[in-house]
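Here's the letter readout for the chains.
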Amino acid sequence: MNRSTRRHLTAAVLTVVAVTTGATACSSGSGSSSAQGADSKTYTVWDPYPQFAKGSAWTNLLDKCGTQAGVKVKRTGFDTSDLTNKALLAAQQGNSADVLIVDNPVVSTLAEAGVLTTTDDNKLDTSKVDPNLLAAGQSGGKTYGTPIGANTLALYYNKAVLKKAGVDIASVKDWTSLTAALAKVKGAGKKGITFSAIGTEEGSFQFLPWYWGSGAKLTALDSDQAVSALSLWKNWLDKGYAPNSVINNTQTTSWQEFASGDYAFAENGTWQLANADKAGFEYGVIPVPAATGGSAAAPTGGEFVTMPVQDDTGRYATSQKLVSCLTNSQNLLDTDTTLSYVAPTSEVQDKQVAANAELKPWVDAVKAAKGRTSDDLGTKYPKISEQMWKAVQSALSGSASPKDALGSAQSAVK
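Residues numbered from 1 in each chain as written. Predicted model: local features only at pLDDT ≥ 70, side-chain atom pairs only at ≥ 80, totals over all residues. Heavy atoms only, no water.

Draft legend 1. Examining the overall build of the chain more closely. A tally of helices and strands in the chain yields 18 helices and eleven strands. For 414 residues, the compact-globule formula gives about 22 Å, and the C-alpha radius of gyration of the chain, at 22 Å, lands near that figure. For the chain, the residues scored as buried account for 58% of the 414 residues in total. Looking at the chain as shown, the accessible area adds up to about 16000 Å², and 49% of this sits on carbon and sulfur atoms. Distance between charge centroids for the chain: 1 Å, based on 37 positive and 37 negative side chains. (Helix = DSSP H or I, 4+ residues; strand = E, 2+ residues; numbered from the N terminus. Rg over C-alpha atoms; globule rule 2.2 N^0.38 Å. Buried < 20%, exposed > 50% of the residue type's maximum accessible area, 1.4 Å probe, protein only. Areas by Shrake-Rupley, 256 points an atom, 1.4 Å probe, with all protein chains shown as cover. Lys, Arg positive; Asp, Glu negative; His and termini not counted. Charge placed at Lys NZ, Arg CZ, Asp CG, Glu CD.)

What follows is the structure, given as structure tokens:
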């Protein structure tokens, strides 16, 4: 690896920390020389699922795919941010894992740093993947890996709270009707909506459906549409439809507010489905509405299965077998059920809905979703996102108007 590439990788380590959402020197036990062919029958897999111990359905699947490929799989699970940093350092040191499963907004950073092979190089078949989900792993016209599943954001609602307020959920179709519903809920003595507006990537992640739902583009943070989205949130706080706690809320603490049973709506993700079933009240889910109707594009979460660059290119054929096994239809169905993800292909999505009709609004939301690094933003996204969450914090705290806050954000990005 030449000196300029090493410098590029070092810079990428700094960039990648900003885009990991946590709503992820090489570890001696996680790869090293075996990934470069010292042991041709052992293939290393790094993933961001440390919660799955040996003997779990996930590790059993890895072992099964290894057996089918005729090799042994040596797997290590990392926290998301730890994994991406280690992947960059491993590439710099020339001992990358054979298969790397990584948070989707980081794919472009790894790709631009020269860490990942393209699907043209590694022959992965992505023809069945929904294009909007695949876009999160594309940079410079090339595709790097394939999604293992996706999650996104939608609106949970408390049926009893809405009934008490006289709100028919079918009437909530756009920002005007949603705001009218929040007014009725407050008038009935209940609380309106909770979300996360914290000053981190989580805050940007939660703001993006409203931002994109306004018609705004990430290349113009100060557009009239962008101002309308931030003004919507600010108006909700000013009128008491949303609590001031959203400024510091993570997606977890926001969910805890909704789980109290006092709120009509909560913006949150598929990962809360199990908690929703335990909440003790009837709930429903609708996609985040766009300003003038229809579903807003929400950001995609979830991971991509990728194949890092290896000095020994002869390893790619077996790595490709491992990835193809992990992402075939039956294994996707099993894995995405375990992870509470929506599958990345229509074929498997249909099977998920057939097995659990409650997933239908989530499948609809995922079909309308959009990658944060899509539109060829790539490594520009972290800087844009940071200025976005700073603007949200500034406007919601009252230190600047939405227009001035977003104007400052756009100037900082430039």
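Picking up after the structure, the text goes on.
Draft legend 2. Seen up close, the side chain of Thr118. Structurally, Thr118 can be placed in the loop between helix 4 (107–112) and helix 5 (119–122). Among all residues touching Thr118, those that are not within four sequence positions of it are Lys142, Thr143 and Tyr144. (Contact = heavy atoms within 4.5 Å.)

Draft legend 3. The pattern of salt bridges, seen in detail. Summed over the entire model, instances satisfying the criterion amount to eleven salt bridges. Its salt-bridge partner being Asp130, residue Lys367 comes within 3.6 Å of it at the nearest N-O pair. Within this pair, whereas Lys367 is found in helix 16 (residues 360–367), its partner Asp130 is found in the loop between helix 5 and helix 6 (131–134), the two being separated by 237 residues in sequence. Taking relative accessible area as the criterion, Lys367 reaches 39% and is therefore assigned partly exposed. A relative accessible area of 8% means that Asp130 is categorised as buried. (Salt bridge = Lys/Arg side-chain N within 4 Å of Asp/Glu carboxyl O.)

Draft legend 4. Spotlight on the packing of aromatic side chains. The tally for this structure, following the rule as stated, stands at 16 aromatic pairs. With a centroid separation of 5.3 Å and an interplanar angle of 90°, the aromatic rings of Tyr49 and Trp58 are classed as edge-to-face. Each member of the pair, Tyr49 together with Trp58, is buried. With a centroid separation of 4.8 Å and 70° between ring planes, the pair formed by Tyr156 and Trp255 is classed as edge-to-face. Pair noted here: Tyr156 is in strand 7 (residues 153–158) and Trp255 is in helix 11 (residues 251–259), with a separation of 99 residues, a long-range link. In this structure Tyr156 comes out as buried when scored by relative accessible area, which is 0%. A network of ring pairs unites the aromatic residues Trp175, Phe195, Phe207, Trp210, Tyr211, Trp233 and Trp236 as a single cluster. (Phe/Tyr/Trp six-rings, centres within 6.5 Å; stacked < 30°, edge-to-face > 60°.)

Draft legend 5. Molecular detail of the packing of helix 9 (residues 201–213) against helix 17 (residues 381–397). Interaxial distance between helix 9 and helix 17 falls to 9 Å at its minimum, and their mutual angle equals 85°. By the angle class used here, helix 9 and helix 17 are roughly perpendicular. Here helix 9 contributes Glu201, Ser204, Phe207, Leu208 and Tyr211 to the contact with helix 17, which in turn contributes Tyr381, Ser385, Met388, Trp389 and Val392. Residues that form the contact of helix 9 with helix 17 fall into these classes: seven nonpolar, two polar and one charged. (Axes fitted to C-alpha atoms, helices over the stretch in contact; angles between N-to-C directions. Parallel < 35°, antiparallel > 145°, perpendicular 65-115°, else oblique. Nonpolar A, V, L, I, M, F, W, Y, C, P; charged D, E, K, R; others polar.)

Draft legend 6. Region of the structure containing the side chain of Asp47. Relative to the helices and strands, Asp47 is located in strand 1 (residues 42–47). Owing to a relative accessible area of 0%, Asp47 belongs among the buried residues under this scheme. A polar side-chain atom of Asp47 sits 2.9 Å from a polar atom in the side chain of Trp58. Once residues within four sequence positions are removed from consideration, Asp47 is found in contact with Trp58, Leu62, Arg75, Thr76, Gly77, Phe78, Leu83 and Ile101. (Polar contact = N/O pair within 3.5 Å; in protein donor to acceptor, adjacent residues only side chain to side chain.)

Draft legend 7. Up close: helix 2 (residues 57–69). Here helix 2 contains 13 residues, and its C-alpha end-to-end distance of 18 Å stays within 8% of the 18 Å for a straight helix at 1.5 Å per residue. Of all the residues in helix 2, the buried ones are Trp58, Thr59, Leu61, Leu62, Cys65, Gly66 and Ala69. Each buried residue of helix 2 sits inside an arc of 155° when the element is viewed along its axis, so together they form one side. Turned more than 90 degrees from where helix 2 packs its buried face, Ala57, Thr67 and Gln68 sit exposed. Residues of helix 2 that are buried in the fold lie against strand 1, strand 2 (72–77), strand 3 (99–103), helix 13 (316–326) and helix 14 (329–339). (Expected span 1.5 Å × (residues − 1). Arc of directions from axis to C-beta.)

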